[in-house]
Amino acid sequence: MSSSQSPKLKYVSLGVLVVQTTSLVLTMRYSRTLKEDGPRYLASSAVVSAEVLKIFTCILLVLRDHNFSVRMLSQILKEEIANKAMETMKLSIPAGIYTLQNNLLYIALSNLDAATYQVTYQLKILTTALFSVSMLEKKLGLYQWLSLLVLMAGVALVQWPTESVNGPQQRPLSAGSQFVGVMAVLIACISSGFAGVYFEKILKQTKQSVWLRNIQLGLFGFVFGLMGMFAYDGERVREFGMFQGYNGVTCTVVILQAVGGLVIAAAIKYADNILKGFATSLSIILSTLISYYWLEDFEPTSVFFLGAVLVIAATFLYGYEHKAAPSVIKV
Ligand code: C5P
């Protein structure tokens, strides 16, 4: 099913993505305001837990698509996953890249302040557009390119650090660690663009359902995630277990991350990676505003409002040319 055949699913998936990303950002911000006692949870273990949850949810969704017939489910899993090993192996590419990306982002976050990290990571909007054009032969008009530049600038301004932030302890960062952090984000931008568009190509070229594709992706994500967990935190896992430091907020973050993977997959299938970029940009504004009213950990400045206006203007500019001359995807 192409996105033009399902405009309703396209907007529903993008809308749910806005809500999901906003909740994830808010929960993460909230978890930072909590005082931690006892051991901290292992980020590498949270990645594995989210993959397992994603696989189980997708299995349930495939089961629902086949009237809850377990016999049909096992037949489909056998035919589509076990018997089509080469097809399944294709998903190891985005899965491997996403695992690398998730780890690069943890490296970036521990070497950069959150604002620089988030602002630099917006370059992925451009890398995604470049990969969409080169790998999917997507055609973007002049105004659409312009709107992507405006979007990038807008998100960067929205996330610009404010002097008055009474945020968590800011520690001074050395030039060396800044460099490591920025390199990690830049590589993550390239991997984000490539993996997203590669997954989009697989989803739109083949008939398999998005949930089945996500099970394949999740299986590799799980294996790579386990390898990462034992490589980084093997010692600690053996000593205190995989679930050390888990609390209610950790579980909420894991659930939101798993749901996030599913919503992102649906948005890539029914809309595309570029529109997904617009949805997440809008959710950054939404979560910041909610955070201002509820958590009171942020004070909007004129820079924030200028950024928000640019993001919204970019969204309209992109949609305007989209209507005037719909872009063609040949896959
Ligand atoms: O920053 P970016 O948009 O590239 O992040 C995508 C995230 O979504 C990655 O963390 C990846 O693990 C996740 N994802 C997923 N399932 C998909 C596609 C992406 O979990 N089908």
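Residues numbered from 1 in each chain as written. Predicted model: local features only at pLDDT ≥ 70, side-chain atom pairs only at ≥ 80, totals over all residues. Heavy atoms only, no water.

**So, empty space enclosed by the protein**
Put simply, the rule reads: A pocket, in this scheme, is an open set of points on a 1 Å grid over the protein atoms alone with protein on both sides within 12 Å along at least 5 of 7 lines, while a cavity is a set where a 1.4 Å probe fits but cannot get out; residues line either one if an atom lies within 4 Å of a point. Grid points are joined across faces, edges and corners, and a volume is the space filled by probe spheres set on the points. Runs of H or I in DSSP of at least four residues are treated as helices and runs of E of at least two as strands, each being numbered from the N terminus. Under this grouping Gly is polar, as are all residues other than the nonpolar Ala, Val, Leu, Ile, Met, Phe, Trp, Tyr, Cys and Pro and the charged Asp, Glu, Lys and Arg.
This model, assessed by the stated rule, comprises 2 cavities of 30 Å³ or more. Lining the largest cavity are K124, I125, T128, L148, N273, I274, K276, G277 and T280. Of all the secondary structure elements, the ones that give two or more residues to the lining of the largest cavity are α7 (124-136) and α12 (273-294). With 5 residues, the top contributor of residues to the lining of the largest cavity is α12. Of the residues in the lining of the largest cavity, the class split is 3 nonpolar, 4 polar and 2 charged. S44, V47, T99, N103, F224, G225, G228 and M229 together form the lining of the second largest cavity. Contributing elements (two or more residues each) for the lining of the second largest cavity: α2 (43-65), α5 (92-111) and α10 (210-240). With 4 residues, the single largest contributor to the lining of the second largest cavity is α10.

**Observations regarding the environment of K54**
Keep this limit in mind: Throughout, a residue-residue contact means that at least one pair of heavy atoms, one from each residue, lies within 4.5 Å.
You can see K54 is positioned in helix α2. Spatially, the C-alpha atoms of K54 and W211 are 9.6 Å apart, while their sequence positions differ by 157 residues. Dropping the residues within four chain positions of it, K54 is found in contact with A258, G261 and L262.

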